[in-house]
Amino acid sequence: MASSTHHFSRTGRGTGEAQSAKEETAPPPSRRRGKAAKAEVSATERISGAAEIILVGCGPVAHQMHMPALQVLQNAGRIKVRAVVDPAEGWREWGRRNFPTALSAASIDGVVAPPDTLAIITTPARFHAAQCNAALKRGWHVLCNTPLAATAREAAQMITAAQQHERVLAVALPHRFFPAARYLRTLCHDHLLGPPISFGIHDGTTRAAPEGGPPGPEKFESPDGVLNELGVRVFDLLTWWLGSASVKHYADDAMGGVEANAFIELTFPENVRGTVHLSRDWPTTQSYTFVFERGIVRWDATSPSRLTLQIASAPSALQGELVTPLSPRHSSVNEPLLATHDQAAVAELENILAAFVRREPLRVPATEAMHSLHLIEECYARRTPLPQPWLPQNEAVQARAFSPPMALRRS
Amino acid sequence: MKIAVTGAGGFVGARLIESFHLGEGPTLAAIAQHPSEFTSAARFAIDLRVADFLNVDSLARSFTGCSAVVHATRSAPADMKRATTVLCRAAAQAGVRRIVFLSSADVHGLRPPVGTEEKSTLHTNHSDELLNSMVIAERQFFTECRQLGLAGYALRAGFLYGPRSDAIASLAAALQGGRAWLVHRGKGICNSLYVDNLAAAVRVALKAKTGAGSAFLVTDAEAVTWHDFYHTAAQELNVAPSSIRHLDATSIAPGSAAEIPEATAVSTVQTPAPPTSPFLSADMIARQQCEWQLPTARATKELGYRPTVPVAEGMRRSCAWWRFAQGEFFAAA
């Protein structure tokens, strides 16, 4: 992906972002086949006003990632949350607090909804494939949280199933809508500060029990590891910015379970190298630092649009928020700058609705999720135990004994 | 024997689980109020259970199959007494016979009077509501244990530190940022307790044949001053000890100072002021004026408590973790 866009910038065929934006879109299923498109138009016409949404999974992820955007769009009359689905009654009712008119069901089987409903799946990754297929069989479109599936193989099967059912399958990657992420992509692709040389990323937050939420369900699924929780997003951005990656070194602290900390060393085309530090048990700086030939850029990832920029040997660095370009003639895009995560989530959801209601191109189709899934699987395949020099010697020995290759743990 | 550890997501609970699982046992059930708290415990193939800590039936279900409970959860002050009642009744309902209740030496105040020991009278007139709630919770614990016939042990932990502790994180950040302050030249007694020494106390309390129904003060073996504590950390972090700044305690109204104006500070070095303003919490100012080393004689005699990790080693391990948490892995590798 990156190599082709590098090609565009060097041959002067496009102005980076605009060209890249074209590349990253994919035609919705309804554009691909004439008859099918007509059938879908008919179905679309049946949607009277608001598109209907089924929220599958009502835990903290749904509350943090999707509910604010859904509330905005429901208040605007753009959507209607028809049902909330979760096997845990407490979480289901917690979801209904935000959408009191929604039906409540323990599983998708308990929901009746017309075709062209959008199912938003926020459950743990190991349930995505089965739930996605159930939704597609009902004629629903699907927005799936990251990671798209537990394995790349499952994800590929989901993509094939969506194509066969001629439904939209999208993956939730609102970070791609962040102004800072798009800015960094332009720098990487168009070499505005020269070619990228290296990067260093620290991304870590602790899991917090949801405020105002019910106690967790007594029957619960073990949490995902940090690669599937945070790494999938970091890897998606990196491959979007820099192209396909290879894992040079990977270490984590799983000792029979799932990892809370991971260190990864990656290489990219044109000899770009970098390191990623992920943590789920201690908050890190959440910074993305890129060294280019003629400057350094740091993104504070807690803000969608805050960057620090050092140009070549300038005496100081410059820190601030991205704003509308001073001159439209010198900008490659013409879209609003999104200041918050929720705004990005709204933009993402609007794009998905437009994809199946108005047949507009999908900006982040599910196929884009394959890059990060492949990279995660490569990490696990090359896994080494993370040294933990704070452990007493006897515990360090035992920790290594409890650290089999990830391939064994995932089977 | 399976042991239930509540508070699996906290610094102490997570380390107890790690230490027991990687050490010599016992077998564990890690219990938390929400799946999101299992980040650390889920690194191991162990029994993870979710329970409502304010619901007897829910908590009792999570204790199923366990012979003892280590209670490493601290509820909000308003819920602390009720949560303690629920803990004991759930344990009794589940057939658990022994509870090790992690209390705090702070029940004696942040600056315990000279002569303080386990039998010293506790009061609820502390200015900090959290301390009063802890006193009430500990009293409730013993009352419930007596009524329900449970063997209850309360460990009053000293100033806890270790990997993944806020104490180390805030001290390391302060040292590295040139914001570390000592009151009265750091002459106060720290009453430190490395988390693995607490784990050692928990182990002996789980096996003790005497001492049920009692509270035990637990600290490190050495009587460490705050000066020693800070300087040991500075050495581990390669921070010049001269960067630690000093505050004249005589200028502080008891329990009042939260932020120190630059004018009251006495710097030991003639260097430019640190880039960020100095800060020392009222809590820390009180702690640093402690003049009494809390005795561990009762824990030693009745439980067989033996702290095995010296402060220097505890600080080495703590700072090794801090460097890791700051992303120094690649530099080390």
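Just so it is clear, the model here is predicted, and its values are computed rather than measured.

1. Quick look at the interface of chain A and chain B
Alright, step 1. With 47 residues of chain A at the contact, the number on the chain B side is 41 residues.
Alright, step 2. Between chain A and chain B, the buried area comes to about 3,500 Å², and carbon and sulfur atoms account for 65% of it.
Alright, step 3. Here chain A and chain B share three salt bridges between them.
Alright, step 4. Across the pair arginine 164 of chain B and aspartate 281 of chain A runs a salt bridge whose closest N-O atoms are separated by 2.7 Å.
Alright, step 5. Connecting chain A to chain B are seven residue pairs in polar contact (both at pLDDT 80 or more).
Alright, step 6. Secondary structure elements with two or more residues in the side of chain A that touches chain B: strand 8 (246-252), strand 9 (261-268), strand 10 (272-279) and helix 13 (393-401) of chain A.
Alright, step 7. Here the residues of the side of chain A that touches chain B are counted per class, giving 27 nonpolar, 13 polar and seven charged.

2. Examining empty space enclosed by the protein
Alright, step 1. This structure, assessed with the given rule, holds three cavities of 30 Å³ or more.
Alright, step 2. Taken as a whole, the largest cavity holds about 120 Å³ of empty space.
Alright, step 3. Taken together, 15 residues make up the lining of the largest cavity; nearest its centre are Asp106, Leu110, Cys190, Asn191 and Arg287 of chain B.
Alright, step 4. Within the lining of the largest cavity, the residues separate by chemical class into ten nonpolar, three polar and two charged.
Alright, step 5. What lines the second largest cavity is simply Trp390 of chain A together with Phe11, Ala14, Arg15, Glu18, Ser40, Arg43, Pro163 and Arg164 of chain B.
Alright, step 6. The residue makeup of the lining of the second largest cavity, split by class, is four nonpolar, one polar and four charged.

3. Overview of the packing of helix 7 (residues 128-137) of chain A against helix 8 (residues 152-165) of chain A
Residues and elements named next belong to chain A.
Alright, step 1. Their axes nearest at 10 Å, the elements helix 7 and helix 8 cross at an angle of 5°. Relative to helix 8, the element helix 7 is oriented roughly parallel. In this structure, helix 7 contributes His128, Ala129, Cys132, Asn133, Leu136 and Lys137 to the contact, and helix 8 contributes Glu154, Met158, Ala161, Ala162 and His165.
Alright, step 2. Partitioning the contact of helix 7 with helix 8 into residue classes produces six nonpolar, three polar and two charged.

Cut-offs used in this document
- Residues numbered from 1 in each chain as written.
- Chains lettered and ligands numbered in written order.
- Predicted model: local features only at pLDDT ≥ 70, side-chain atom pairs only at ≥ 80, totals over all residues.
- Heavy atoms only, no water.
- Contact = heavy atoms within 4.5 Å.
- Buried area = accessible area lost by both parts, 1.4 Å probe.
- Salt bridge = Lys/Arg side-chain N within 4 Å of Asp/Glu carboxyl O.
- Polar contact = N/O pair within 3.5 Å; in protein donor to acceptor, adjacent residues only side chain to side chain.
- Helix = DSSP H or I, 4+ residues; strand = E, 2+ residues; numbered from the N terminus.
- Nonpolar A, V, L, I, M, F, W, Y, C, P; charged D, E, K, R; others polar.
- 1 Å grid on protein atoms, 1.4 Å probe; cavity = no way out; pocket = protein on both sides within 12 Å on 5 of 7 lines; lining within 4 Å.
- Points joined across faces, edges and corners; volume = space filled by probe spheres on them.
- Axes fitted to C-alpha atoms, helices over the stretch in contact; angles between N-to-C directions.
- Parallel < 35°, antiparallel > 145°, perpendicular 65-115°, else oblique.

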